Amino acid sequence: MRTQVGIIGAGPAGLLLGQLLHASGIDNVILERRSGDYVLGRIRAGLIEHGTVALLEQAGCADRLHTEGLVHEGIELSFGGDRHRIDLKAPTGKVVTVYGQTEITRDLMQARAAAGLKTVYEAEAVTPFDVMGRPRLSYVEHGERKELACDFIAGCDGFHGVSRQAIPAEVLRAYERVYPFGWLGVMVDRPPVSDELIYASSPRGFALCSMRSASRSRLYIQCRLDDAVEDWPDERFYAELALRLDARAAANLEPGPSIEKSIAPLRSFVAEPMRHGRLFLAGDAAHIVPPTGAKGLNLAASDVHYLWRGLVEHYQEGSGAGLDAYSQTALARVWKAERFSWWMTSTLHLFPESSGFDRRLQEAELDYLMSSRAAQTTLTENYVGLPY
Ligand code: APR
Ligand code: PHB
């Protein structure tokens, strides 16, 4: 089989790139290790930057997001027993949309199927070859080894994928910070605690009250790295969450049977460069952020934007400028999102080894934030999404 762009991975990055390339008349095939149902079964974050919304519109996949997504003009910080609102719209003119990543993946999958584009699900042993020359992807489908010849390979295969490993060790540079705690997440069909997201910092640790709709909440508490889901029956989870929230939020918390419960570790990670020959990394294949700043999906989207524009320039204008600039351009935005995600995580979480001085600094950070328009503008312009 032959195509112009071979994409590894049918997560948000691979699917969004596939739709944008198709909209620009560029042929592409996606090779995905798992089944479509498995991909849809993964529970992920749900906060969408305005730039990501615009990209989904350009991909022709934003209709349901606009009818079912919740537009939010502010977020709330709960600390010191009080609730403090951060106006997102006033300083930036921008808003964010609450809409599950699973729904975005579903919309993109349906659009891809409707367009009759080729996706090989349950493709095993996907292996990139000759990325410096004439790239090709080998894979096994139903036990039969096959090959996909292509002009370019987009590695959209996430943190545990193969494409990053196709960059020689002497070329690849990795930067990482692992945090000494995780997030325990619960999905429950109960109305949100508040109309807006609540990020809570308390002496017992971090908590986040988010949502998927007016009737479905997504709740998180910081937990120990050695915690297991079994250690947190629903009753214990809600009791602990209430202790980390201000009184008004705790009073609005409606416990209900969890329909999903999982623990995720927190990590910051960046691999450089994001290009090697005709192989381009995008999304989690190249970088990971702690979920505190809700940047994971949105960084995958901005990588895809830069890669899509570079490929359009190559095929429609015969220019390699966009592709040559891809790694540097994408990394500039990635590192600013890494900084913001690290700042949100460092400011709001309880670090087990932190000193009294560290905790006073955290309190001062929040005190300064609520007393300074400049500090709030800094938070909001990063939260709504920096320009592409
Ligand atoms: N061969 C083929 N497909 C693979 C391989 C492989 N060797 N390894 C991984 N994949 C697939 C995975 O099954 C997954 O469907 O690549 C896809 C990668 O998708 P994501 O991990 O969702 O990464 P990305 O598309 O970059 O989206 C980033 O997803 O994980 C969240 O928090 C992250 O919100 C962020 C977003
Ligand atoms: C979510 O709704 O899952 C969510 C929202 C905001 C975050 C992280 C997760 O910062």
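Note that this is a predicted model, so its numbers are computed, not measured.

A. A look at the overall build of the protein chain. If you tally the helices and strands in the protein chain, you get 12 helices and 19 strands. Against the compact-globule benchmark of 21 Å for 388 residues, the protein chain has a radius of gyration of 21 Å, which places it among compact chains. Overall size of the protein chain, expressed as C-alpha extent along the three principal axes, is 60 × 40 × 40 Å. Long-range contacts, defined as pairs at least 24 residues apart, comprise 71% of the intrachain contacts of the protein chain with a sequence gap of at least 6. Accessible area of the protein chain: about 16500 Å², with a carbon and sulfur share of 51%. Across the protein chain, 41 positive and 49 negative side-chain charges occur, with their mean positions spaced 2 Å apart.

B. Up close: the site of ligand 2. As a structural note, the neighbourhood of ligand 2 is formed by 13 residues, with Tyr199, Ser210, Arg212, Tyr220 and Pro291 the closest of them. Contacts to ligand 2 include Pro291, whose backbone N or O atom sits 3.0 Å from an oxygen atom. Summarising the interface, the protein chains cover 100% of the accessible area of ligand 2, which totals 280 Å² for the free molecule. Residue assignment for the shell around ligand 2 shows that the elements contributing at least two residues are strand E14 (205–213) and strand E15 (216–223). For the shell around ligand 2, the residue count by class is eight nonpolar, three polar and two charged.

C. Structural view of the side chain of Ser268. In this fold, Ser268 is placed in strand E16 (residues 258–272). In this structure Ser268 comes out as buried when scored by relative accessible area, which is 8%. In contact with Ser268, other than residues within four places in its own chain, are Tyr175, Glu176, Arg177, Tyr179, Ile288, Pro290 and Glu338.

D. Local environment of the site of ligand 1. Around ligand 1 sit 23 residues in total, of which Glu32, Arg42, Arg44, Gln101 and Asp284 are the nearest. Taking Glu32, its side chain carries an N or O atom lying 2.6 Å from an oxygen atom of ligand 1. Separating an oxygen atom of ligand 1 from a backbone N or O atom of Leu297 is a distance of 3.1 Å.

E. Highlighting the environment of Arg278. Structurally, Arg278 is set in the loop between strand E17 (275–276) and strand E18 (279–281). Placed 126 residues apart in sequence, Arg278 and Phe152 show a C-alpha to C-alpha distance of 5.0 Å. A distance of 2.8 Å separates a polar atom in the side chain of Arg278 from the backbone oxygen of Asp151.

F. The environment of Ala375, seen in detail. Mapped onto the elements, Ala375 comes out in helix H12 (residues 373–383). Using a relative accessible area of 10% as the deciding quantity, one classes Ala375 as buried. Separated by 11 residues in the primary sequence, Ala375 and Ala364 place their C-alpha atoms 12 Å from one another.

G. Looking closely at the packing of helix H10 (residues 321–348) against H12. Two elements in contact, H10 and H12, have axes whose closest approach is 10 Å; the angle formed by their N-to-C orientations is 120 degrees. Compared by their axis directions, H10 and H12 come out oblique. H10 and H12 meet at a crossing whose hand is left-handed. Here Lys336, Arg339, Phe340, Trp343 and Met344 of H10 lie close against H12, whose contacting residues are Leu379, Asn382 and Tyr383. A per-class count over the contact of H10 with H12 returns five nonpolar, one polar and two charged.

H. Representation of helix H3 (residues 50–58) in the model. If you check which residues of H3 are buried, you get Gly51, Thr52, Val53, Leu55 and Leu56. Residues of H3 that are buried make contact with helix H1 (12–23), strand E3 (47–48), helix H4 (63–68), strand E7 (96–98), helix H6 (101–114) and helix H9 (296–317). Directly beyond the C-terminal end of H3, a positive phi value near 70 degrees is found at Gly60.

I. Structural context of the packing of aromatic side chains. Under the defined criterion, the tally for this structure stands at 14 aromatic pairs. An angle of 80 degrees between the planes, with centres 5.1 Å apart, marks the rings of Phe159 and Phe269 as edge-to-face. With a gap of 110 residues between them, Phe159 in the loop between strand E11 (144–155) and strand E12 (173–188) and Phe269 in strand E16 connect regions that are remote in the sequence. Phe269 matches Phe159 in its accessibility class, with the two residues each being buried. Among the aromatic residues, those joined into a cluster by ring pairs are Trp183, Tyr199, Phe206, Tyr220 and Tyr383. Residue placement shows Arg236 over the ring face of Trp232; its charged tip is 3.6 Å from the ring centre. Here the guanidinium or amino end of Arg309 rests over the ring plane of Trp308, the centre of that ring lying 4.4 Å away.

Criteria and cut-off values
- Residues numbered from 1 in each chain as written.
- Chains lettered and ligands numbered in written order.
- Predicted model: local features only at pLDDT ≥ 70, side-chain atom pairs only at ≥ 80, totals over all residues.
- Heavy atoms only, no water.
- Helix = DSSP H or I, 4+ residues; strand = E, 2+ residues; numbered from the N terminus.
- Rg over C-alpha atoms; globule rule 2.2 N^0.38 Å.
- Contact = heavy atoms within 4.5 Å.
- Areas by Shrake-Rupley, 256 points an atom, 1.4 Å probe, with all protein chains shown as cover.
- Lys, Arg positive; Asp, Glu negative; His and termini not counted.
- Charge placed at Lys NZ, Arg CZ, Asp CG, Glu CD.
- Near = heavy atom within 4 Å.
- Polar contact = N/O pair within 3.5 Å; in protein donor to acceptor, adjacent residues only side chain to side chain.
- Nonpolar A, V, L, I, M, F, W, Y, C, P; charged D, E, K, R; others polar.
- Buried < 20%, exposed > 50% of the residue type's maximum accessible area, 1.4 Å probe, protein only.
- Axes fitted to C-alpha atoms, helices over the stretch in contact; angles between N-to-C directions.
- Parallel < 35°, antiparallel > 145°, perpendicular 65-115°, else oblique.
- Left-handed = near helix turned anticlockwise from the far one by under 90°.
- Phe/Tyr/Trp six-rings, centres within 6.5 Å; stacked < 30°, edge-to-face > 60°.
- Lys NZ or Arg CZ within 6 Å of the ring centre and 35° of its normal.

Taken by themselves, the reported measurements are silent on function.
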